[in-house]
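Descriptive analysis of the structure
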Amino acid sequence: MLLPHIFLSAILLSGVTCRIIGLAPKPAEKQLFLSRHVVTESEEFEGGVLVDESGTIEAVLKKDSVDVLLGSEKSKDWEIIDGGSLALMAGGVDSHVHVNEPGRTSWEGYVTATEAAAAGGMTTIIDMPLNSIPPTTTLENLKIKANMAKEEIFVDVGFWGGVVPGNEEELQEMVKAGVVGFKCFLINSGVSEFPYVTPKDLEKALVYLNGSGTVLAFHAEVQVGEESPECTGPSCPDPVLYDTYLASRPEIMELEAASLIASQLSKTDVHVHVVHVSAEGVVPILEAAREERIKNGYVGWRGGVTAETCNHYLTLSSEQIPAGHSEYKCAPPIRNITNKQKLWEYIRDERLDLVTSDHSPSVAELKGPNFMTAWGGISSVQFDLSLFWTEAKARGYSLRTLTHYWSAGPARLCGLQEKKGSIRPGLDADLIFFDPNASFVVTPEIIRYKNKISPYMNRVLTGKVMQTYVRGQLVYSDGELIGGPKGDTLLSFE
Ligand SMILES: *[C@@H]1O[C@H](CO)[C@@H](O)[C@H](O)[C@H]1NC(C)=O
Ligand SMILES: *[C@@H]1O[C@H](CO)[C@@H](O)[C@H](O)[C@H]1NC(C)=O
Ligand SMILES: *[C@@H]1O[C@H](CO)[C@@H](O)[C@H](O)[C@H]1NC(C)=O
Ligand SMILES: [Zn+2]
């Protein structure tokens, strides 16, 4: 099968959706992806990416080499996919997605989550261990989830395991099965089947995981002082106001959690990772912990201490959150504009390691106007690259920054750096064509995740994913999903 050389240019010139649904997307021959704007972490150039019959990157080529190859006999049977001036980049890796299936499939599911991911240029997502029932806290539960996912996914899906009190004996088995790491909470998780760990439980888990080369990721907030009883009566702060919720989860809860994690590091060689950093003050605490670890001889990536922030902390600020709009609720909370600016300085200076969506949907009935009782979680896996790029472009950052935080960083965290997250020979040909100049409006009609709730509704975003390829197979093109599910689960049993 040969796609016409002018295929993508045709889309651009005509503005009409090119319908190629039904064409066999499995590459039968080599593919040569071309672009005047190939983007890797370290450079941007005109050239191409040669992909072999199995969907693996064979070569990354500058324009001169492309011209030589195109003039040669051997390129005769290749499929040439020319993106013109669209940026050709590694597909994204969103290492923080709550798929919720099975058990809370009305909130989200593998089909809708991975369709949204494909439309957002995410060629890999990693499912969080909680909010599905069962949670991913045993090998058996992991198998249940993987079986569920297998036939339904449009992009590749990896899994985090969970650490909860008392499941130490399961952890090594899950490591062998290929979980990318583990997640635990230091505070109420919001669902009863995923209890948080006390410092004592944590110590135990770190001993069990020591030497396994895995990652332990933390929801880093702790209860500071006594938990105040639910306020009722006329003198209580108004729960419809965002500030009421914000005041209930101050920065100190994140800072103390970061200090608790730092205090455990001398006892273990486990890589620790803090998910969804909101309070900027967490970053210096983790940096001090990293320095200490390196001083004590730790040799792994980033001194074994990393952190992510999320698009909502980089895009929104507390001042602009309207009363009664719990689609803005997440934990830790979105903080003020000063905090947001500081997070962007950390991005600029590479003091954070990756960005994620923390895509955490629920049904609309669990939202509602009361910030104190509404489900905390923001859905945005479909808009990962566009949200980040809207802010990053306005600050003058390059697409290399986008690929650093959304592809290479999360792939590295998940131990997938020899398979995902970069344009390099030997890696999966997970590729996207991205238009960094195009803009679009977020509307319910374009949202592909299950519950069409978003704090970004009606916003104009800059940067549009035009096509998404998973291991060389086209899965999304200009508004349409192409063919059926082609994703794999990233586990070592099948
Ligand atoms: C985006 O704009 C830049 C600067 O004007 C231009 O060089 C580039 O070719 C444009 N890219 C696309 C895909 O239109
Ligand atoms: C953790 O494992 C390392 C080997 O990776 C070992 O050198 C160290 O002694 C272990 N620490 C503890 C507390 O067991
Ligand atoms: C934002 O919050 C921080 C910490 O609570 C505070 O120091 C700072 O003054 C606040 N900035 C604004 C603009 O309100
Ligand atoms: Zn989460």
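Residues numbered from 1 in each chain as written. Chains lettered and ligands numbered in written order. Predicted model: local features only at pLDDT ≥ 70, side-chain atom pairs only at ≥ 80, totals over all residues. Heavy atoms only, no water.

**Regarding the site of ligand 1**
Every residue near ligand 1 is listed here: S85, L86, D435 and N437. Within the side chain of N437, one N or O atom sits 2.4 Å away from an oxygen atom of ligand 1. Taking 370 Å² as the accessible area of ligand 1 by itself, protein coverage stands at 42%. (Near = heavy atom within 4 Å. Polar contact = N/O pair within 3.5 Å; in protein donor to acceptor, adjacent residues only side chain to side chain. Areas by Shrake-Rupley, 256 points an atom, 1.4 Å probe, with all protein chains shown as cover.)

**A word on the coordination of the zinc ion (ligand 4)**
The textbook angles at a metal center are 109.5 degrees for a tetrahedron of four donors and 90 or 180 degrees for an octahedron of six. Those protein atoms acting as donors to the zinc ion (ligand 4) are H96 (NE2), H98 (NE2) and D358 (OD), and they sit at 2.1 to 2.2 Å. Coordination of the zinc ion (ligand 4) draws on donor residues from a single chain, spaced H-x1-H-x259-D in sequence. Taking relative accessible area as the criterion, H96 reaches 0% and is therefore assigned buried. Accessibility expressed as a relative area gives 4% for H98, which makes it buried. (Donors = N, O, S within 2.8 Å, 3.2 Å for Na, K, Ca; no water. Buried < 20%, exposed > 50% of the residue type's maximum accessible area, 1.4 Å probe, protein only.)

**Quick word on helix α8 (residues 251–263)**
The terminal C-alpha atoms of α8, which comprises 13 residues, lie 19 Å apart, in line with the 18 Å expected from a rise of 1.5 Å per residue. Within the sequence span of α8, burial applies to M253, E254, A257, A258, L260 and I261. Each buried residue of α8 sits inside an arc of 160° when the element is viewed along its axis, so together they form one side. Looking at the buried residues of α8, the elements they touch are α6 (199–209), β10 (215–219), α7 (242–248), β11 (271–274) and α9 (282–295). (Helix = DSSP H or I, 4+ residues; strand = E, 2+ residues; numbered from the N terminus. Expected span 1.5 Å × (residues − 1). Arc of directions from axis to C-beta. Contact = heavy atoms within 4.5 Å.)

**Thoughts on the site of ligand 2**
Taken together, N210, G211, K267 and D269 make up all the residues around ligand 2. A distance of 2.4 Å is found between an oxygen atom of ligand 2 and a side-chain nitrogen or oxygen belonging to N210. D269 places a side-chain nitrogen or oxygen 2.6 Å from an oxygen atom of ligand 2. For ligand 2, the accessible surface in isolation is 370 Å², of which the surrounding protein chains cover 32%. The residue makeup of the shell around ligand 2, split by class, is no nonpolar, two polar and two charged. (Nonpolar A, V, L, I, M, F, W, Y, C, P; charged D, E, K, R; others polar.)

**Details of the nonpolar core**
Ranked by size, the top nonpolar core spans 101 residues in total, and within it I125, L186, L216, F218, F388, L402 and F434 carry the most contacts. Dropping the residues within four chain positions of it, L402 is found in contact with M89, L385, F388, W389, S407 and F434. Within the second largest apolar cluster, 22 residues are counted, among which are A217, V275, L413 and C414. (Core = buried A, V, L, I, M, F, W, Y, C linked by side-chain atoms within 4.5 Å.)

**Notes on the domain arrangement of the protein**
What the domain assignment reports for the protein is domain 1 (7–85) and domain 2 (91–415 + 435–462). The C-alpha-based centres of domain 1 and domain 2 are spaced at 34 Å. Interface area, domain 1 with domain 2, both sides summed: about 540 Å², of which 60% is carbon and sulfur. Among the residues of domain 1 in contact with domain 2, V39, E41 and E44 are the three that bury the most area, contributing 75% of the side total. Between domain 1 and domain 2 we count one salt bridge in total. In this structure, the salt-bridge partner of R400 is E44, at a minimum N-O distance of 2.9 Å. The interface formed by domain 1 and domain 2 contains two residue pairs in polar contact (both at pLDDT 80 or more). Among the residues making up the side of domain 1 that touches domain 2, the classes are represented as one nonpolar, three polar and three charged. (Domains from an automatic or database assignment. Buried area = accessible area lost by both parts, 1.4 Å probe. Salt bridge = Lys/Arg side-chain N within 4 Å of Asp/Glu carboxyl O.)

**Considerations on the packing of aromatic side chains**
Two numbers describe a pair of aromatic rings. These are the distance of the centres and the angle of the planes. The final tally for this structure, using the stated rule, is 11 aromatic pairs. Ring centres 5.8 Å apart and planes at 15° place the aromatic pair W344 and Y397 in the stacked group. Residue W344 is located in helix α11 (residues 337–348), and its partner Y397 is located in the loop between α12 (384–394) and α13 (399–413); the two are separated by 53 residues in the primary sequence. Since its relative accessible area comes to 2%, W344 is described here as buried. By way of ring pairs, the aromatic residues W344, F388, Y397 and Y405 are connected into one cluster. (Phe/Tyr/Trp six-rings, centres within 6.5 Å; stacked < 30°, edge-to-face > 60°.)

**Examining the environment of K176**
On the secondary structure map, K176 appears in helix α5 (residues 168–177). Overall, the relative accessible area of 60% leaves K176 in the exposed class. In this structure, the C-alpha to C-alpha distance between K176 and Y196, residues 20 residues apart in sequence, is 24 Å. Within the local environment of K176, its side chain forms a polar contact with the side chain of E173, the two groups lying 3.2 Å apart.

**A closer look at the packing of α12 against α13**
Two elements in contact, α12 and α13, have axes separated by 10 Å at closest approach and are oriented at 135°. Between α12 and α13, the crossing angle belongs to the class labelled oblique. The hand of the α12/α13 crossing is right-handed. Residues D384, L385, F388 and W389 of α12 form the contact with α13, whose own contacting residues are L399, T401, L402, Y405 and W406. Residues belonging to the contact of α12 with α13 are distributed by class as follows: seven nonpolar, one polar and one charged. (Axes fitted to C-alpha atoms, helices over the stretch in contact; angles between N-to-C directions. Parallel < 35°, antiparallel > 145°, perpendicular 65-115°, else oblique. Left-handed = near helix turned anticlockwise from the far one by under 90°.)

**Considering the state of the cysteines**
Scanning the entire structure with this criterion turns up one disulfide. Two residues, C231 and C236, share a disulfide whose sulfurs are 1.9 Å apart. The chirality of the disulfide connecting C231 with C236 is left-handed, given an S-S dihedral of about -90°. Judged by its relative accessible area of 46%, C231 is partly exposed. Among the residues examined, C236 registers a relative accessible area of 16% and is labelled buried. C414 supplies the cysteine sulfur nearest to C184, a cysteine that is in no disulfide, at a spacing of 16 Å. Exposure remark for C184: the relative accessible area of 0% places this residue in the buried category. Left without a disulfide partner, C414 is nearest to the cysteine sulfur of C310, which lies 14 Å away. (Disulfide = S-S within 2.5 Å.)

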